[in-house]
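Residue strings, one per chain:
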Amino acid sequence: MIKTWLFMKRMVILTEILLPEKSGGRICCENRFHLHKRSDHRLDTGIISEEREILMAEKTNVMRILDQHKISYTAHCYLQTDAVSGVEVASVLGENPAQVFKTLVTVGKSGGHYVFMIPVAEELDLKKAAVCVGEKSVEMVKSKELLPLTGYIHGGCSPIEMKKSFPTFIHQTAADFATILFSAGKIGWQVEMPLEGLQAVQPVQTADLIV
């Protein structure tokens, strides 16, 4: 039964459009779900209805938070691709790597934690990051510390809905795009939205962060 379900899941591309009710003054628009797949998979229209239910059932906590705040977003699922790195994810989504951001968690000399979002093809400049947060130095947290600290695992870390809200900064080029993409809090899922949408649910400042 499980094997059949997985086989069926791999065969479908689906775009689902949701139209939440308008809410005064809040960012509220249509939310879309896109399932991306490897090019060798064929479309089977006979199971679109079931795939729709699967996608809806697999909403991440990040998506639920955005729904609660009436924030417009597009969810992209790339589970059925071979993408692993951020650059590969951008490629299978057909997006500009400069527009797709990875979420990095650091610890400062003082012991404080900070979140930095930078384009997937770029490298965080630790000196710039330290200056940005007023620390003598910062370093990346160890992978084993990420889950207990944030509630997320490596490869599925989102700036939204961490266990604790940490000071969060995004590379300044994010403001140049109509929308940006970042992890939806689960490996295989990305959300796309305007920077203002992210800032509506999580305080995020822009800064020069890359090497």
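The structure reproduced in this document is the subject of the present report. (Residues numbered from 1 in each chain as written. Predicted model: local features only at pLDDT ≥ 70, side-chain atom pairs only at ≥ 80, totals over all residues. Heavy atoms only, no water.)

## Side note on the pattern of salt bridges
1) Next: Enumeration over the complete set of coordinates arrives at two salt bridges.
2) Next: One salt bridge in this structure joins Asp67 and Lys59, with 2.5 Å as the shortest N-O distance.
3) Next: Between Lys128 and Asp208 there is a salt bridge, and its shortest N-O distance comes to 3.1 Å. In this pair, Lys128 sits in helix H5 (residues 126-133) while Asp208 sits in the segment after strand S10 (204-207), placing the two residues 80 residues apart along the sequence.
4) Next: The exposure class assigned to Lys128 is partly exposed, which follows from its relative accessible area of 31%. (Salt bridge = Lys/Arg side-chain N within 4 Å of Asp/Glu carboxyl O. Helix = DSSP H or I, 4+ residues; strand = E, 2+ residues; numbered from the N terminus. Buried < 20%, exposed > 50% of the residue type's maximum accessible area, 1.4 Å probe, protein only.)

## A short note on the sheet that holds strand S7 (residues 168-171)
1) Next: Reading across from one edge, S6-S4-S5-S7-S10 is the order of the five strands in this open sheet, with mixed pairing throughout. Only two strands of the sheet have a single partner each, and these edge strands are strand S6 (138-140) and S10. This sheet shows a mean twist of 35° between the axes of neighbouring strands, independent of strand direction.
2) Next: Both S7 and S10 contribute to a ladder of four bridges, which runs parallel. When the sheet's bridge partners are listed, Thr168 is paired in S10 with Val204. (Pairing = 2+ DSSP bridges. Axes fitted to C-alpha atoms, helices over the stretch in contact; angles between N-to-C directions.)

## A closer look at the nonpolar core
1) Next: Membership of the largest hydrophobic core comes to 32 residues, with the highest contact counts inside it found for Val191 and Leu198.
2) Next: Among the secondary structure elements, those contributing two or more residues to this core are helix H3 (61-68), strand S3 (74-80), strand S4 (101-108), strand S5 (113-119), helix H6 (143-150), strand S8 (180-183), strand S9 (189-193) and helix H7 (195-201).
3) Next: Residues within four places of Val191 in sequence aside, it is in contact with Val62, Met63, Leu66, Tyr73, Thr74, Ala75, Ile180, Leu181, Phe182, Ser183 and Ala184. (Core = buried A, V, L, I, M, F, W, Y, C linked by side-chain atoms within 4.5 Å. Contact = heavy atoms within 4.5 Å.)

## Digging into the environment of Glu58
1) Next: If you trace the backbone, Glu58 turns up in the loop between helix H2 (48-57) and H3.
2) Next: In sequence terms Glu58 and Lys186 are 128 residues apart; their C-alpha atoms lie 9.9 Å from each other.

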